[in-house]
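Per-entry structural report
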Amino acid sequence: MPILLAAVLVLVLALVGLVVVRPGPIEGWLADEPTAAETLPVEPSPNAVLAATDIGAPLPDAGRLRTVLAPLIADPALGGRVHVSVTDALTGQQLFERGGGTGTVPASVTKLLTAVTVLTARGPGYRIPTKVVAGAEPGEVVLVGGGDPTLAAGAKGFYPGAASLKDLAEQVRTALGGTAPTRVLVDSSLYSGPRLEPGWDEDIPTGGYGAQMTALMLDGARKDPKAGEGWAERVTQPELVAGRTFARLLGVPESAVRSGTAPAAPPETTGATEATGATGPGAELGVVHSPPLIRLVDIMISDSDNILGEALARQVALARGLPASFAGAASAMTEVLADLGLPTEGLALADGSGLSRRNLISPTLLTELLALAASPDRPELGGIFGGLPVGGWSGTLRDRYGSVPGTAAGAGTVRAKTGTLTGVHAIAGVVTTAEGRPLTFAVLTDRVPADGMEPARGALDRIAAALATCGCR
């Protein structure tokens, strides 16, 4: 089993260590065909980004590993509460821990749990629907949110490959024939509970990294779909903005848009609108779908997209038959993690993005979760590696591992998710040792001085870089 596990992990890391056109390890999960625009001349294979992994590489000695890591963990820049776990990715054996089972505020590292639980609960190929049904009144159509935060107004939005309201409007016009709609009802009732998590900092709703969580929104609730990654101004009523945009596409006045609930579909018309031509109350008039979840997971991790994190957490809740709320998502994610046999001691979840300071995750849970994702038993979970930033190369690690003394060895050998809140700094991922042994690691600290972000990041990176250089034999 260790040899089989090693071979699978090497394959996963080799795949994600290349510059890829499509996220995720299995193209079949994407369930689409290349268009003419995607048919390009064959180019030379790209160079590997990550250091090579050797399935025969020796296991680091736990005692020597402790000697190397202890002084780095004691760096005052990490504050007074630092918890660490290091695990052999091939066997799952824990090699080092310091408070490994202690729940610690994880910040955006939470997204690793969101990714694994949604891929388990929904599957990599699942697509989130947004539909329109006939309203209860003549001339009324209902835009029903299914929880797809990537939905775009037209052919191009913020998220690549997003479903389009323009396409949905065309379907509705076709279904209605010559009948022109006169009113648009917006149904975002799929989500329940508060729209903002109580554990979020006060500036999250207006600070450009969070938004009102509703089941219907365009471009992650951004005011401008052309805004770059990271900070972006968000709208305050995402579902109504989407409804007004849809109304304009249908030629309906914006004044004729209001919130409401879709009528139930009669059994005889459910899924059969096109065949029967039925347009009675509740009949489906059109539907579009998000990109596959494996693509959304990839974007969530690589861009640390908080809105995607919350939306995907709610998909776990829906798959488990729980309310699509902060609390329902947290309960569902915890259930899935327990079902996967992962250690949930010290775990407390309040959201799926990591914005909440009420989240607590242990480093041991993170390292075991990463090892499980690399195992042959759960191939669908390997999709989490495609989005992990690479030290000195991509994502939130693009500008790290090189400029700070003692970190250069992590460039190209560390692939990890980072997490940052004021006073909270975390990193968890995979690193390859000097001999080629893959390790999973997690370092979480949640008592750093408010002005200590840069020193703390440097201290975290020195720990990961030490794992990359430590043969520890």
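Residues numbered from 1 in each chain as written. Predicted model: local features only at pLDDT ≥ 70, side-chain atom pairs only at ≥ 80, totals over all residues. Heavy atoms only, no water.

Looking only at helices and strands, one finds 12 helices and 10 strands in the chain. Across the 473 residues of the chain, 55% fall into the buried class. Restricting the contact set of the chain to residue pairs at least 6 apart, pairs at least 24 apart contribute 71%. Here the chain displays about 18700 Å² of accessible surface, and carbon together with sulfur accounts for 55% of that area. (Helix = DSSP H or I, 4+ residues; strand = E, 2+ residues; numbered from the N terminus. Buried < 20%, exposed > 50% of the residue type's maximum accessible area, 1.4 Å probe, protein only. Contact = heavy atoms within 4.5 Å. Areas by Shrake-Rupley, 256 points an atom, 1.4 Å probe, with all protein chains shown as cover.)

Moving on, we get to the nonpolar core. One finds Leu112, Leu113, Ile301, Leu366, Leu369, Ile384 and Phe385 to be the most contacted residues of the largest nonpolar core, which totals 50 residues. Mapped onto this core, the elements with two or more residues apiece are α3 (110–121), α7 (293–303), α8 (306–319), α9 (326–339), α10 (363–373), α11 (384–387), β9 (424–432) and β10 (438–445). (Core = buried A, V, L, I, M, F, W, Y, C linked by side-chain atoms within 4.5 Å.)

In this section: the sheet that holds strand β7 (residues 284–289). Where strands meet in a sheet, backbone hydrogen bonds hold them as pairs that are either parallel or antiparallel. With mixed pairing, the five strands of this open sheet are ordered in space as β6-β5-β4-β3-β7. Two strands bound the open sheet, and with one partner strand each, they are β6 (257–259) and β7. On average, adjacent strands in this sheet sit at an angle of 20° to one another, irrespective of strand direction. Of the pairings in the sheet, the one linking strand β3 (residues 129–134) to strand β4 (residues 140–144) comprises four bridges and is antiparallel in character. Paired with Val132 across the strands is Leu143, a residue of β4. Those strands touched by helix α4 (residues 165–176) are β3, β4 and β7, and its axis lies near 160° from that of β7. Across the sheet, helix α5 (residues 238–250) lies against β3, β4, β5 (183–187) and β6, angled at about 150° from β5, the strand it touches most. (Pairing = 2+ DSSP bridges. Axes fitted to C-alpha atoms, helices over the stretch in contact; angles between N-to-C directions.)

Okay, the confidence of the model for the chain next. Looking at the chain as a whole, its pLDDT mean stands at 88, while 86% of the residues score no less than 70. Scored below 50 in pLDDT, residues 269–277 shows six contacts in the model against residues more than four places distant or in partner chains. (pLDDT = per-residue confidence, 0-100.)

Read from one edge of the open sheet, five strands run β2-β1-β10-β9-β8, paired in antiparallel fashion. On the outer flanks of this sheet lie β2 (94–98) and β8 (414–421), each paired with one strand and no other. On average, each strand axis in the sheet is inclined to that of its neighbour by 5°, with strand direction left out of account. Of the strand pairs in this sheet, strand β1 (residues 82–88) and β10 are connected by seven bridges, and their pairing is antiparallel. Within the sheet, the bridge partner assigned to Val86 lies in β10 and is Phe441. In this fold helix α2 (residues 62–73) packs onto β1 and β2, with an angle of close to 30° to the strand it touches most, β2.

Attention now goes to the pattern of salt bridges. All told, the structure shown has 16 salt bridges when counted by the stated rule. Residues Glu254 and Arg248 are paired through a salt bridge, measuring 2.5 Å at the closest nitrogen-oxygen approach. Of the charged contacts, one joins Glu335 and Arg320 as a salt bridge, the two residues approaching to 3.3 Å between their closest N and O atoms. In this pair, Glu335 is assigned in helix α9 and Arg320 in the loop between α8 and α9, connecting sequence segments 15 residues apart. By relative accessible area, which is 34% here, Glu335 ends up partly exposed. Taking relative accessible area as the criterion, Arg320 reaches 34% and is therefore assigned partly exposed. Several salt bridges share partner residues, and in doing so they unite Glu140, Arg183 and Arg258 into one network. (Salt bridge = Lys/Arg side-chain N within 4 Å of Asp/Glu carboxyl O.)

Under the 1.5 Å per step criterion, the end-to-end length of α5 is 19 Å for 13 residues, consistent within 8% with the ideal 18 Å. Of the surrounding elements, those touching the buried residues of α5 are β3, β4, α4, β5 and β6. A positive backbone phi angle near 80° is found at Gly251, which sits one or two residues after α5. (Expected span 1.5 Å × (residues − 1).)

We now examine the pairing of β5. β5 sits mainly inside the fold: four of its five residues count as buried. Alignment of β4 against β5, held across five bridges, turns out to be parallel. Paired with Val142 across the two strands is Leu185, which belongs to β5. Relative to β6, β5 is paired through three bridges, and the arrangement is parallel. Bridge pairing links Leu185 to Arg258 in β6. After leaving β5, the chain enters α5 and then returns to the sheet as β6, a path that is right-handed. (Right-handed = clockwise from strand over helix to strand, strands pointing away.)

Phi at Ala107 takes a positive value of approximately 55°, unusual for a residue other than glycine. Mapped onto the fold, Ala107 is located in the loop between β2 and α3. With relative accessibility at 0%, the residue Ala107 sits in the buried group. Even without a glycine there, the phi angle at Asp219 is positive, about 55°. The topology assignment puts Asp219 in the loop between β5 and α5.

This part takes up the packing of aromatic side chains. Going through the model one piece at a time under the given rule, you end up with two aromatic pairs. A centroid spacing of 4.8 Å and a plane angle of 85° characterise the contact between Phe158 and Tyr159, whose relative ring orientation is edge-to-face. Take Tyr159: its relative accessible area is 3%, and that puts it in the buried class. Ring geometry for Trp200 and Phe326: centres 5.6 Å apart, planes at 85°, overall edge-to-face. With Trp200 in the loop between β5 and α5 and Phe326 in helix α9, this pair connects stretches of sequence that are 126 residues apart. Directly above the aromatic system of Tyr126 lies the positively charged group of Arg122, at a separation of 4.3 Å from the ring centroid. If you follow Arg222 out to its NZ or CZ, it ends over the ring of Phe158, 3.6 Å from the centre. (Phe/Tyr/Trp six-rings, centres within 6.5 Å; stacked < 30°, edge-to-face > 60°. Lys NZ or Arg CZ within 6 Å of the ring centre and 35° of its normal.)

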